[in-house]
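Breakdown of the fold
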Amino acid sequence: MATGTFLNAHIIVGLNKWGAGPDNLKPSTQLAGALETLGIETTIFKTGTPARIHRRSVDFAKLAVQNGDDEIVPMSFETEYNYKGKLQNKVVCHIAYTNERTHEIIRQNLDKSPLYNGMIEGVGPRYCPSIEDKIVRFADKPRHQLFIEPMGMNTDEMYIQGFSSSMPSDVQTQMIRSIEGLENAEVMRPGYAIEYVCVNPMQLKATLEYKRHRGLFSCGQINGTSGYEEAAAQGIIAGINAALYCGALKGDAQNIDGAVADEFILRRDEAYIGVLIDDLITKGTNEPYRMMTARAEFRLLLRQDNADFRLTEKGYNLGLISSERKTKFDEKWAVVKRGVDKMKRTTIAPREINNYLDSVGEMRIENGVRAAELLKRPKVSYHGISEALRRRDDDAADSASDVGNLEEYSNLKAAIEKEIEVLIKYEGYISKQISQVEQFKKLEAKKLPKRIDYSKLLGLRLEARQKLQKVAPETVGQAMRISGVSPADIAVLLAAMKVCPKTASQ
Ligand SMILES: Cc1cc2nc3c(=O)[nH]c(=O)nc-3n(C[C@H](O)[C@H](O)[C@H](O)COP(=O)(O)OP(=O)(O)OC[C@H]3O[C@@H](n4cnc5c(N)ncnc54)[C@H](O)[C@@H]3O)c2cc1C
């Protein structure tokens, strides 16, 4: 099930509310009843979107241009493997601001806001409040920044990022036209709020299968998240596991013990996907959940530059990644490894590097120093060092030749240089985090028996007993992360497993 924001969905604009999915598409009206019959716990969440305006009606001369990043980091590593040119942004956004007049219009019309007159019951995402919410909650702010973004390359619709609203459409038009640069804006579609039904994700296993309903999986917004990436992240895990379940994929996934498993799970130390799913299933969520880096305790290891290193092998073992891509991946990481080794082995003489150190404002060296040591200095880059070494005689040490194998992939070369730099500069922190992960893995590997009757476990506090009974965690690690379960409760649990592993499980 991946019903998004369509399950029993209602759109709300001003005082009007009607059954519809996003963009007035048909909602799903019967499935929610079926879930109830199965005893699946559900709740109502809310989200919203801003109005779309016509490009020709925007006075761009009054708005500041906001260019995209100069250095584009593609979403997919396949882009780096296959794309040989330089990636370029093709469109720009613009910045606009609300003002006192906009805020006044909103304040005068708050009685028509479904958010404030009780029409909206669902909880919305904390990090994307509507503009009326911002005006009420941050009343002292004289203005709010907005981004005017093209909806796509082949459309005239512009999206007013930061201006999500469920005010009546005539009020929205007034609000928009009070903004400098948007005085003549033509509204193509008003903004709206949408309420929908989603499930309590604590009913799910880490595979996103329902604990009480074998073979039923759910993913995406229905599990209480909001956002494209959050949905995609769950989609791939539920998809893989559903395929493993019905035998459409060969289960070659490695679990923690290294044994072949018929389930595919990513741990918190392996991927943001792991953090997201683990948070959902152990803590649940009482508002639409969004993934943020701060939620990951091992975020030094979960870098975008090493996502392929963390996950390609797993995808390959499942048969989801071609051998051609795997070969390119292996080549890339062999080059990275050689580059790191070379930095650690090579000693640089003062005359080879001092001019460079002067140029970046770092202290000169007086004796030979290992390249890796120099690279740990804040202002020194891998590129700077390899340029200095390039001037050495050819055989002695030409670091550039390490990257040379893949020279034709210009995007990849920069990625490799960056990777070598990261691995050396942050080596100390990275190895500290790896040892923390080892501790974490031990608890994750301690599986709890499938059917423990927590109500019979003496020594557990009442709250812990109820929560553990409800969530039925699969590992001791998961049990520890359930809110309301204390370290003392875990000690009781571990002792019970040690003393009487059989009676703990019934
Ligand atoms: C108005 C609005 C604005 C948003 N803006 C953003 C944003 O700016 N950035 C962002 O990251 N996220 C945004 N989101 C959230 C994002 O759209 C969702 O989180 C994401 O699309 C959810 O993906 P999903 O696969 O779970 O569901 P969806 O992408 O919603 O797909 C669900 C699909 O299931 C189909 N379906 C539903 N019920 C049934 C049924 N019973 N039988 C068959 N098919 C069914 C639907 O037709 C639909 O095609 C927004 C959401 C809304 C509603």
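Residues numbered from 1 in each chain as written. Predicted model: local features only at pLDDT ≥ 70, side-chain atom pairs only at ≥ 80, totals over all residues. Heavy atoms only, no water.

**A short note on the overall build of the protein**
What counts here: Counting from the N terminus, the helices are the DSSP runs of H or I reaching at least four residues and the strands are the DSSP runs of E reaching at least two. The buried label goes to any residue with under 20% of its type's maximum accessible area, the exposed label to any with over 50%, and the partly exposed label to all in between, with areas taken from a 1.4 Å probe on protein chains only. By the convention used here, residues are in contact when the closest approach between their heavy atoms is within 4.5 Å.
Regarding its fold elements, the protein presents 19 helices and 16 strands. On the principal axes, the C-alpha backbone points of the protein span a range of 75 × 75 × 45 Å. Residue burial in the protein is summarised as follows: out of 506 residues, 47% are buried. A separation threshold of at least 6 residues defines the contact pool for the protein, and within that pool the share at least 24 residues apart is 68%.

**Things to note about a nonpolar patch on the surface**
Basically, it comes down to this: Patch definition: residues above 30% relative accessible area lacking any salt bridge, with like charges linked at up to 9 Å and the nonpolar side chains Val, Leu, Ile, Met, Phe, Trp and Tyr linked at up to 5 Å. All accessibility values rest on the Shrake-Rupley procedure with a 1.4 Å probe; residue burial counts only the protein chains present in the view. Any carboxyl oxygen of Asp or Glu that lies within 4 Å of a side-chain nitrogen of Lys or Arg is treated as forming a salt bridge with it.
Taken together, the side chains of L300, Y426 and Y429 define a hydrophobic patch exposed on the protein surface, amounting to about 310 Å² of accessible area. Inspection of the secondary structure assignment puts L300 in the loop between helix 7 (272-283) and helix 8 (307-317).

**Digging into the site of the ligand**
Under the convention used in this document: To be near a molecule or strand, a residue needs just one of its heavy atoms within 4 Å of it. Polar contact criterion, stated in full: a pair of N or O atoms within 3.5 Å, where within protein one must be able to donate a hydrogen and the other to accept it, and residues adjacent in sequence count only if both atoms are side-chain atoms.
What surrounds the ligand is a group of 20 residues, the closest being G4, S28, Q221, G227 and Y228. One of the backbone N or O atoms of A2 is found 3.3 Å from an oxygen atom in the ligand. Separating an oxygen atom of the ligand from a backbone N or O atom of Y228 is a distance of 3.0 Å. Taking 990 Å² as the accessible area of the ligand by itself, protein coverage stands at 63%.

**Quick notes on the domain arrangement of the protein**
What counts here: Each domain span listed reflects an automatic or database assignment of domains.
According to the domain assignment, the protein consists of domain 1 (50-191), domain 2 (201-317), domain 3 (323-429) and domain 4 (446-504). The distance between the C-alpha centroids of domain 1 and domain 3 comes to 43 Å.

**Section: unusual backbone geometry**
The phi angle at D23 is positive, at roughly 55°, despite the residue not being glycine. Judged by relative accessible area, D23 falls into the partly exposed class, the value being 45%. Non-glycine residue A472 carries a positive phi angle of around 50°. Among the secondary structure elements, A472 is positioned in the loop between helix 16 (462-471) and helix 17 (476-481).

**So, the sheet that holds strand 1 (residues 10-13)**
Inclusion rule: Note on pairing: two strands pair once DSSP finds at least 2 bridges between them. What counts as an axis is a line fitted to C-alpha atoms, over the stretch in contact for a helix, and the angles between N-to-C directions run from 0 to 180 degrees.
Spatially, four strands are ordered 2-1-10-3 in an open sheet, and the strand pairing comes out antiparallel. At either margin of the open sheet sits one strand with a lone partner, and together these are strand 2 (16-19) and strand 3 (42-49). With direction set aside, neighbouring strand axes in the sheet form an average angle of 25°. Pairing of strand 1 with strand 10 (residues 192-199) involves three bridges; the strand directions are antiparallel. From the neighbouring strand, I11 faces strand 10, where its bridge partner is I194.

**Some points on the nonpolar core**
As a reminder, the rule being used: What is meant by a nonpolar core is a set of buried Ala, Val, Leu, Ile, Met, Phe, Trp, Tyr and Cys residues, joined one to another through side-chain atoms within 4.5 Å.
Core analysis: the biggest nonpolar cluster contains 30 residues, and L208, I237, F264, I273 and I277 have the highest contact counts within it. For this core, the secondary-structure elements that each account for two or more residues are helix 1 (31-37), strand 10, helix 6 (228-245) and helix 7. Top contributing element to this core by residue count: helix 6, with six residues. Look past the residues within four positions of L208 in its chain and what remains in contact with it is L216, F217, S218, C219, N223, Q234, I237, A238 and I277. Among the nonpolar cores identified, the runner-up in size contains 26 residues, and Y81, I353, L375 and L389 belong to it.

**Things to note about the side chain of E270**
You can see E270 is positioned in the loop between strand 14 (260-261) and helix 7. Given the relative accessible area of 12%, E270 is considered buried. One polar contact links E270 to K314, side chain to side chain, over a distance of 2.9 Å.

**Describing the packing of helix 10 (residues 350-360) against helix 12 (residues 382-390)**
Selection rule: Any angle that is under 35 degrees is reported as roughly parallel, and any over 145 degrees as roughly antiparallel; angles of 65 to 115 degrees are reported as roughly perpendicular and all others as oblique. Two helices that cross are described as forming a left-handed crossing if the nearer one is turned anticlockwise from the farther one by less than a right angle, and a right-handed crossing if clockwise. When residues are sorted by character, Ala, Val, Leu, Ile, Met, Phe, Trp, Tyr, Cys and Pro go into the nonpolar class, Asp, Glu, Lys and Arg into the charged class, and all the rest, Gly among them, into the polar class.
In contact at an axis separation of 9 Å, helix 10 and helix 12 are set at 140° when each is read in the N-to-C sense. One way to sum up the angle between helix 10 and helix 12 is to call them oblique. Along this stretch, helix 10 crosses helix 12, giving a crossing that reads as right-handed. Contact residues: E352, I353 and Y356 in helix 10; G384, I385 and A388 in helix 12. A per-class count over the contact of helix 10 with helix 12 returns four nonpolar, one polar and one charged.

**With respect to the sheet that holds strand 4 (residues 52-54)**
Strand order in the open sheet formed by six strands is 5-6-7-8-4-9, and the pairing between neighbours is antiparallel. The sheet terminates laterally at strand 5 (64-66) and strand 9 (187-189), the two strands that pair on one side only. Neighbouring strand axes in the sheet, compared pairwise and without regard to direction, differ in orientation by 40° on average. Relative to strand 8 (residues 157-161), strand 4 runs antiparallel, the two being bridged by three bridges. Residue pairing in the sheet places H54 in a bridge with E157 of strand 8.

**Brief notes about the pattern of salt bridges**
Tallied over the full model, the rule gives 45 salt bridges. Between K470 and E41 there is a salt bridge, with its nearest N and O atoms 3.5 Å apart. With K470 in helix 16 and E41 in the loop between helix 1 and strand 3, this pair connects stretches of sequence that are 429 residues apart.

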